Amino acid sequence: MKTEIIPVIHMINQNQVLTNVRTCISCGIKKVFIINHQTTSDELIKCANVVKDTYPELWVGINMLDKYVEDAILYEFPFDGLWCDQSISLEDYKHRKFQGMLFTGLAFKYQPQPKDIELACKESILTSDVSTTSGPGTGKAAGLSKILELRKNLGDHPMAIASGVSIDNITIYNDIVDYLLVASSITSRSEIIYQDKLEELLEKIAELEKRIDEIGSKIK
């Protein structure tokens, strides 16, 4: 499994988002998520459309923080990804209209925590394209024991971590999860991505992948 970094852009305005998108593209990033921490969903969708029109080859996902997951999946917008912090019931999921990759919460921060992890994972496999978990709060890393338990119960189903990912812990998460959604460790207080910090993460991931490939070739 190769672990991919997806920068998360906390939208303030369109110019700020486009600045961050250009930084991501210059670093070789293929996927970005845009979140409306300080704007409405309508403004977020409008901005994401501009990003997609400007960079059609870029994978663009959004997280509408002011929408419940059962409402968000009813949108038919042309984006590549939709991320919702909440989990969703199988009954509500049946009404899904969104056709891109759906990231839904699994033991996610600030959401009701599942009492039965095995059952929650089984439901997440049926109601998401990527099961997305987190640490206990914004900028706080998920414990390795939690990640390993989720991976065990999810099997080969795609999995993402969406909080607390940094240069200090990607070595732990690499090759266990499919996606690392990164914001706090690479972003300034004014919500501008530091190019050098993003590059550092990417270089670390590349270094780890090279090491894994070398070990694999020796085993063969």
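Presented here is an overview of the structure given in this document. (Residues numbered from 1 in each chain as written. Predicted model: local features only at pLDDT ≥ 70, side-chain atom pairs only at ≥ 80, totals over all residues. Heavy atoms only, no water.)

Helix length check: helix α1 (residues 14-26), at 13 residues, gives a terminal C-alpha distance of 18 Å against a target of 18 Å (1.5 Å per residue), a fit within 8%. Taken residue by residue, α1 has Q16, V17, L18, N20, V21, T23 and C24 as its buried positions. The first or second residue beyond α1 is G28, which carries a positive phi of 90°. (Helix = DSSP H or I, 4+ residues; strand = E, 2+ residues; numbered from the N terminus. Expected span 1.5 Å × (residues − 1). Buried < 20%, exposed > 50% of the residue type's maximum accessible area, 1.4 Å probe, protein only.)

For the pair α1 and helix α2 (residues 41-54), interaxial distance at closest approach is 10 Å and the crossing angle is 40°. Crossing geometry of α1 relative to α2 is assigned as right-handed. Within the contact between the two elements, α1 uses Q14, V17, L18 and V21 and α2 uses C47, V50 and V51. Class assignment of the residues belonging to the contact of α1 with α2 gives a composition of six nonpolar, one polar and no charged. (Axes fitted to C-alpha atoms, helices over the stretch in contact; angles between N-to-C directions. Left-handed = near helix turned anticlockwise from the far one by under 90°. Contact = heavy atoms within 4.5 Å. Nonpolar A, V, L, I, M, F, W, Y, C, P; charged D, E, K, R; others polar.)

Turning our eyes to something else, we now look at the environment of T3. Residue placement: T3 occurs in the segment before β1 (4-10). Here the alpha-carbon distance between T3 and E207, two residues 204 residues apart in the chain, equals 12 Å. Aside from chain neighbours lying at most four places away, what touches T3 is Y173, N174, D175, I176, V177, D178, L180, I205 and E209. At a separation of 2.8 Å, a polar atom in the side chain of T3 contacts the main-chain amide nitrogen of D175. Separated by 2.7 Å, the side chain of T3 and the backbone oxygen of V177 make a polar contact. (Polar contact = N/O pair within 3.5 Å; in protein donor to acceptor, adjacent residues only side chain to side chain.)

Time to look at the pattern of salt bridges. Going through the model one piece at a time under the given rule, you end up with seven salt bridges. Among the ionic pairs, R96 bridges to D129, the shortest N-O distance being 2.8 Å. With R96 in the loop between α4 (90-93) and β5 (101-105) and D129 in the loop between α5 (117-127) and β6 (130-133), this residue pair connects regions lying 33 residues apart in the sequence. By relative accessible area, D129 is classed as partly exposed at 27%. In this structure, the salt-bridge partner of R151 is D178, at a minimum N-O distance of 3.0 Å. (Salt bridge = Lys/Arg side-chain N within 4 Å of Asp/Glu carboxyl O.)

Time to look at unusual backbone geometry. In most cases, non-glycine residues show a negative phi, while peptide bonds are predominantly trans. Of note, the phi angle at A107 is positive, near 50°, even though the residue is not glycine. Within the secondary structure, A107 is located in the loop between β5 and α5. Judged by its relative accessible area of 9%, A107 is buried.

What follows is about the nonpolar core. In this structure, V51, I62, L82 and L180 are the most contacted members of the largest nonpolar core, which totals 53 residues. Among the elements that line this core, the one with the most residues is α2, at five residues. Residues in contact with V51, not counting those within four places in the same chain, are V17, L18, V21, I34, L58 and V60. With 14 residues, the next largest nonpolar core counts A160, A162, Y179 and A183 among its residues. (Core = buried A, V, L, I, M, F, W, Y, C linked by side-chain atoms within 4.5 Å.)

Here we come to the packing of aromatic side chains. The description of two aromatic rings rests on the distance between their centres and on the angle between their planes. Evaluation of the coordinates by the stated rule reveals nine aromatic pairs. Judged by centre distance (6.3 Å) and plane angle (75°), the ring pair of W83 and F108 falls under edge-to-face. Taken together, the residues W83 in strand β4 (residues 81-84) and F108 in the loop between β5 and α5 connect sequence positions 25 residues apart. The exposure class assigned to W83 is buried, which follows from its relative accessible area of 4%. In this structure F108 comes out as buried when scored by relative accessible area, which is 1%. In textbook terms, an aromatic cluster arises when at least three aromatic residues are bridged by ring pairs, as seen for F33, W59, W83, F103, F108 and Y179. (Phe/Tyr/Trp six-rings, centres within 6.5 Å; stacked < 30°, edge-to-face > 60°.)

On to the environment of P158. Along the chain, the position of P158 falls in the loop between α6 (144-154) and β7 (159-161). Put simply, P158 and I125 are 33 residues apart on the chain and 8.6 Å apart in space, counted from C-alpha to C-alpha.

β1 sits mainly inside the fold: six of its seven residues count as buried. Sheet topology places β1 next to strand β8 (residues 179-182); four bridges connect them, and they run parallel. Paired with P7 across the bridge in β8 is V182. By the bridge criterion, three bridges tie β1 to strand β2 (residues 31-35) in an arrangement that is parallel. Bridge pairing in β2 places H10 opposite I35. Tracing the backbone out of β1, into α1 and back to the parallel element β2 gives a crossover that is right-handed. (Pairing = 2+ DSSP bridges. Right-handed = clockwise from strand over helix to strand, strands pointing away.)

Remember that the coordinates give geometry; whether it matters functionally is a separate question.
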